[in-house]
Amino acid sequence: MNADRTAWDRRSVVPVIPPIQRRKLAKVPFVELADGRLQGVVSSGSDIARVYVSSIAAKTHGFNCSTNNNRPCGGLGSRPCKHLVALATEAVLQYGFERVARYLGVEAGDGDSTGGDLIRVLKGGPESIPAATVFSRFLRHLAYLEVPATTEPIADLQWFPATGAVR
Ligand SMILES: [Zn+2]
């Protein structure tokens, strides 16, 4: 577990030779309903080395999006950015719309409701949410996934080799 965090720290400051063939990035490698928030990690559409930490608070619907280094997301204004839409879409896929809507305190939609619908009905605005907390949970999540012996490819880990491409 610690080894992973150390590896991440090292990669974030030292240039690493990128892999010859970059792996395809999972769009949303991490999503959870925790700490009173829908939160997770969303890969950048344009830069494979960058990830965003996106979160939406339950009840208040305050939201935030920043890089894992706490730089604010350029797409975030008074309305949620595309990363938050991607986060909500993945959450609906993993947990189902009903459960996510209930957790956030959103009026439930119908069976066809999507993450985009969820985002549209949020009544909050931008809110300061520490990205580091969510990001460290993501790293622990990765470390946990590495523990059990499995022959299955783990989608979340596809994100990890891409950190070698830090510029
Ligand atoms: Zn964003």
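Presented here is an overview of the structure given in this document. Because the structure is a prediction, the values reported are computed rather than measured.

**Thoughts on the sheet that holds strand E4 (residues 63-67)**
Now for step 1: Taken together, four strands build an open sheet; the order of strands is E1-E2-E3-E4 and the sheet is antiparallel. Looking along the sheet, the strands with just one partner apiece sit at the ends: strand E1 (30-34) and E4. Each strand of the sheet is rotated relative to its neighbour by a mean of 15 degrees, with strand direction disregarded.
Now for step 2: Taken together, the seven bridges between strand E2 (residues 37-43) and strand E3 (residues 51-57) define a ladder with antiparallel strand orientation. Bridging across to E3, Ser-43 finds its partner in Val-51.
Now for step 3: Strands in contact with helix H2 (residues 82-95) are E1, E2, E3 and E4; relative to E2, the strand with the most contacts, it is inclined by about 110 degrees.
Now for step 4: Along the sheet face, helix H3 (residues 97-104) touches E1, E2 and E3 and points at about 120 degrees away from the line of E2.

**Details of the pairing of E3**
Now for step 1: The element E3 is extensively covered by neighbouring structure, given that seven of its seven residues are classed as buried.
Now for step 2: With burial as the criterion, each face of E3 is covered, one bearing Val-51, Val-53, Ser-55 and Ala-57 and the other bearing Tyr-52, Ser-54 and Ile-56.
Now for step 3: Pairing of E3 with E4, which is carried by five bridges, proceeds in the antiparallel orientation. Bridging across to E4, Ser-55 finds its partner in Asn-64.
Now for step 4: In this antiparallel pair of consecutive strands, E3 and E4, the connection spans five residues, and Lys-59 shows a positive phi of 70 degrees.

Rules and cut-offs
- Residues numbered from 1 in each chain as written.
- Predicted model: local features only at pLDDT ≥ 70, side-chain atom pairs only at ≥ 80, totals over all residues.
- Heavy atoms only, no water.
- Pairing = 2+ DSSP bridges.
- Helix = DSSP H or I, 4+ residues; strand = E, 2+ residues; numbered from the N terminus.
- Axes fitted to C-alpha atoms, helices over the stretch in contact; angles between N-to-C directions.
- Contact = heavy atoms within 4.5 Å.
- Buried < 20%, exposed > 50% of the residue type's maximum accessible area, 1.4 Å probe, protein only.

Scope: geometric values only; no functional claims are made or implied.
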